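Descriptive analysis of the structure
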Amino acid sequence: MDQPFVVGGMETPVGPVPRVSSVLTARDHWGAFKVRWGYGRMRYRVDPGLYALGNPGSNDPVLVTANYKLSFDALRASLPGRDAWILVVDTKGINVWCAAGKGSFGTDEVVFRIQACRLKEIVSHGTVVLPQLSAPGVAARHVKVRTGFRALFGPVDARDLPAYLDAGYKASEAMRRKRFPLRERVALIPVELVHSLKWAALVAAAFFVVGGMLTKGPFWAAAWQAALSPLTALLGGIAAGAVLTPVLLPWLPGRAFTTKGLFAGGIFAMALWPFLDPQVLRPVEAGSWISGLLSVSAFLAMNFTGASTYTSLSGVRREMRWAVPLEIALLAGFVGLWLWARWVSA
């Protein structure tokens with residue numbers, strides 16, 4: 001009841017239930033913005049339990065969601081002017097699809113929340129609606145046997161819930177199809193950039209120090225001269241892997257995300273090439289630069305396997321068996337050729 005998005009309470013046969021609104025506040029939007037940029041991601045949670053949206057009665061729908069607040073907010077914001085019960089299961093702050101794959105949005109947790117909230121004493125229709133993307137983790141038949149509640153899988157996107165409910169809990173073919181439009185892919189970029197730039201800063205600092213020690217001349221000038229090539233390779237790889245790959249995802253060749261990352265890295269390398277310092281264009285330095293950019297781009301592209309509808313755990317493992325050795329080889333070429341260039345110039 002003391003969560004900032006709760007707007008009051010509602011009395012039920014089993015006691016008071018927190019009431020929430022479908023209107024998101026500036027605080028909700030600010031929280032979402034921070035999470036998109038990686039701040040407080042694993043702490044952005046809703047307390048599991050039952051919530052009242054509007055003024056629901058015993059015949060109003062029960063909609064189940066994860067306790068990741070972005071998921072919770074997307075659900076309630078999709079139902080303006082409607083009354084419903086929202087049953088929040090404990091997914092450890094993970095979104096619906098990932099939690100279903102990891103097992104935290106599973107049959108046992110759904111059964112436990114239905115029983116713990118004494119849902120039978122609150123609603124009379126005996127039906128709960130789960131997100132379609134929770135289906136990998138929830139066995140509807142077992143929910144029915146253990147709780148008496150019929151578990152239906154609603155549409156993929158929360159915004160389709162009003163039409164789904166108005167149609168008598170029937171989803172159209174379009175509601176069952178998961179798409180990843182540009183808007184959703186771009187939303188993943190900020191957090192990838194933040195995480196990537198953190199470790200890139202440490203790697204760049206190492207190149208800076210080692211370069212200053214191995215290159216002739218005053219330390220600071222030598223360090224900057226030596227670190228410029230790996231720094232541009234790192235930033236180029238991050239831009240290609242964390243930005244260009246999700247933007248161009250449907251059009252990049254190959255099904256493997258490593259392949260897509262290599263193509264994105266190649267595109268970015270060709271775009272940058274005319275603007276490079278002549279020092280970088282020397283054969284050994286150029287080999288290091290290209291290897292570094294491609295290794296970073298390919299590695300970061302693998303983080304977007306969740307931005308497709310065709311990846312699977314077995315497919316990811318199969319890709320990693322050849323992708324990881326390739327990325328390690330490219331990384332070794334990045335560092336090795338850079339050190340060789342320092343040794344040759346010495």
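Notes on the structure follow. (Residues numbered from 1 in each chain as written. Predicted model: local features only at pLDDT ≥ 70, side-chain atom pairs only at ≥ 80, totals over all residues. Heavy atoms only, no water.)

As a further point, take the packing of helix H10 (residues 219-248) against helix H11 (residues 257-272). One can describe the packing of H10 onto H11 by two numbers: an axis separation of 9 Å at closest approach and a directional angle of 125°. Considered as vectors, H10 and H11 are oriented oblique to each other. Handedness of the crossing formed by H10 with H11: right-handed. Between H10 and H11, the residues in contact are Gly-236, Ala-239, Ala-240, Leu-244 and Thr-245 and Lys-260, Gly-261, Ala-264, Gly-265, Ile-267, Phe-268 and Leu-272, respectively. Tallied by class, residues from the contact of H10 with H11 come to seven nonpolar, four polar and one charged. (Axes fitted to C-alpha atoms, helices over the stretch in contact; angles between N-to-C directions. Helix = DSSP H or I, 4+ residues; strand = E, 2+ residues; numbered from the N terminus. Parallel < 35°, antiparallel > 145°, perpendicular 65-115°, else oblique. Left-handed = near helix turned anticlockwise from the far one by under 90°. Contact = heavy atoms within 4.5 Å. Nonpolar A, V, L, I, M, F, W, Y, C, P; charged D, E, K, R; others polar.)

A surface patch of nonpolar side chains, about 820 Å² in accessible area, is lined by Val-209, Val-210, Met-213, Leu-214, Phe-219, Trp-220, Leu-331, Val-335 and Leu-339. Counting residues per element, the nonpolar patch draws most heavily on helix H9 (residues 189-214), at four residues. Mapped onto the elements, Met-213 comes out in helix H9. Taking relative accessible area as the criterion, Met-213 reaches 62% and is therefore assigned exposed. (Patch = residues over 30% accessible without salt bridge, like charges linked within 9 Å, V, L, I, M, F, W, Y side chains within 5 Å. Areas by Shrake-Rupley, 256 points an atom, 1.4 Å probe, with all protein chains shown as cover. Salt bridge = Lys/Arg side-chain N within 4 Å of Asp/Glu carboxyl O. Buried < 20%, exposed > 50% of the residue type's maximum accessible area, 1.4 Å probe, protein only.)

Of all nine residues making up helix H2 (residues 69-77), seven are buried, and the element is well covered by its neighbours. Those residues of H2 that fall on the buried side of the exposure criterion are Lys-69, Leu-70, Ser-71, Phe-72, Asp-73, Leu-75 and Arg-76.

Looking now at the packing of aromatic side chains. Applying the stated rule across the entire model yields 13 aromatic pairs. On the numbers, 6.2 Å between centres and 40° between planes, the contact of Phe-5 with Tyr-51 is tilted. Separated by 46 residues along the polypeptide, Phe-5 in the segment before strand E1 (6-12) and Tyr-51 in strand E3 (residues 49-53) bring together distant segments of the chain. Residue Phe-5 shares its accessibility class with Tyr-51, and that shared class is buried. Aromatic rings pair up to connect Phe-5, Tyr-51 and Phe-72 into one cluster. A cation sits over an aromatic face here: Lys-178 above Phe-180, 4.8 Å from the ring centre. (Phe/Tyr/Trp six-rings, centres within 6.5 Å; stacked < 30°, edge-to-face > 60°. Lys NZ or Arg CZ within 6 Å of the ring centre and 35° of its normal.)

This part covers the packing of H10 against helix H12 (residues 283-301). It is at 7 Å that the axes of H10 and H12 come closest, and there the two elements cross at 30°. In this view, H10 runs roughly parallel relative to H12, as classed from their interaxial angle. Taken as a pair, H10 and H12 cross one another with a handedness that is right-handed. Of the residues in H12, those touching H10 at Ser-229, Thr-232, Ala-233, Leu-234, Gly-236, Gly-237, Ile-238, Ala-240, Gly-241, Ala-242 and Thr-245 are Glu-285, Trp-289, Gly-292, Leu-293, Val-296, Ser-297, Leu-300 and Ala-301. Broken down by class, the residue content of the contact of H10 with H12 amounts to 10 nonpolar, eight polar and one charged.

Now for H12. An α-helical turn contains 3.6 residues, so a residue and the one three or four places further along point in the same direction. With 19 residues, H12 extends 27 Å between its outermost C-alpha atoms, agreeing within 8% with the 27 Å of an ideal straight helix rising 1.5 Å per residue. For H12, a buried count of 14 out of 19 residues is recorded, marking the element as mostly surrounded by other parts of the structure. (Expected span 1.5 Å × (residues − 1).)

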